[in-house]
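Commentary on secondary and tertiary structure
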Amino acid sequence: MTSNQTDCHYCLQSLRGRKYALREENAYCVTCYDNLFANPCEECKKPIECDSKDLAYKGRHWHERCFNCAKCSRSLVEKPFAAKDELLLCTECYSNEYSSKCFHCQKTIMPGSRKMEFKGSSWHESCFVCQYCRQPLGTKPLITKDNENYCVPCFEKQFAHHCYSCKKVITSGGVTYHDQPWHKECFVCAGCKTQLSGQRFISKDEYPYCVDCYSRFYAEKCAACKKPITALGGAKFISFEERQWHGECFNCAKCSVSLVGEEFLTKQDDVLCNECGSAS
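A short tour of the structure in this document, coming up. These numbers were taken from a predicted model, which means no experiment stands behind them.

**A few points about unusual backbone geometry**
The phi angle at Lys119 is positive, at roughly 50°, despite the residue not being glycine. You will see that Gln268, though not glycine, has its phi angle at about 55°, which is positive. Residue position: Gln268 is located in the loop between strand E22 (264-267) and strand E23 (270-273). Here Gln268 falls in the exposed class, since its relative accessible area comes to 78%.

In structure tokens:
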């Protein structure tokens, strides 16, 4: 701006016929304005004169000629850029140095583009799709199998087992019984309906029973102690003439010596060792 009627507000020299700059309605000669108000360039540290373009970013200033990528030195004027540790980088250099790589295509996810995060990995939005139908998964529920992601309908169609009891899809976990899949919550005792997953149980006519129900409904009773004989864990039991005993209960009725693996005699409902039987 050229003046022909005022003086510099700072040095008071005439501005007639000279360039000047205004600040808060006061006129300054170019020299005084630059000395008083010009911002130092972040790159070259020289003042950004009033007749130069001042480019600013987060409180810092550059000459137009100094506003360049810190790595490749290409101009960033009117171009997208990114900042890292106070350095300005073009999008290409920033991507090569710092951007995430897509888990699927292994290409850089450019700054400003939308990325999806799942299990600690990043995807391009266009790469984060159902492996079967290829539709974008976005934020929809999904199921992973062999490092591939599937929408729930496709997973159920391709892989899911159906519970033998309720016939609904088993999406995770489950129990196999007689080569049939069950939900854990559906695998219950046929008698009392207690969940059996992780518990001891006994099969009867293809149905699972908890130990208590099986003992109550089906187990033979020990001829000595009258308690059920379940044979759980491979426990031994003795059978003789339609009567059964726990291994630890099969003893001489008189002297209580164990008869397991020994010869014995019977007298009415009693079993006796040879010595006690002979003495009777």
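**Things to note about the environment of Glu117**
Looking at the secondary structure, you find Glu117 in strand E8 (residues 115-118). For Glu117 and Cys102, which are 15 residues apart along the polypeptide, the C-alpha to C-alpha distance reads 9.8 Å. Within the structure, the side chain of Glu117 is placed 3.2 Å from the side chain of Lys115, a separation counted as a polar contact.

**Thoughts on the pairing of strand E3 (residues 26-29)**
Relative to E3, strand E2 (residues 18-23) runs antiparallel, the two sharing four bridges. From the neighbouring strand, Ala21 faces E3, where its bridge partner is Tyr28. Where E2 folds back on E3, the antiparallel hairpin that results is connected by two residues, among which Glu24 adopts a positive phi of roughly 50°.

Rules behind the numbers
- Residues numbered from 1 in each chain as written.
- Predicted model: local features only at pLDDT ≥ 70, side-chain atom pairs only at ≥ 80, totals over all residues.
- Heavy atoms only, no water.
- Helix = DSSP H or I, 4+ residues; strand = E, 2+ residues; numbered from the N terminus.
- Buried < 20%, exposed > 50% of the residue type's maximum accessible area, 1.4 Å probe, protein only.
- Polar contact = N/O pair within 3.5 Å; in protein donor to acceptor, adjacent residues only side chain to side chain.
- Pairing = 2+ DSSP bridges.

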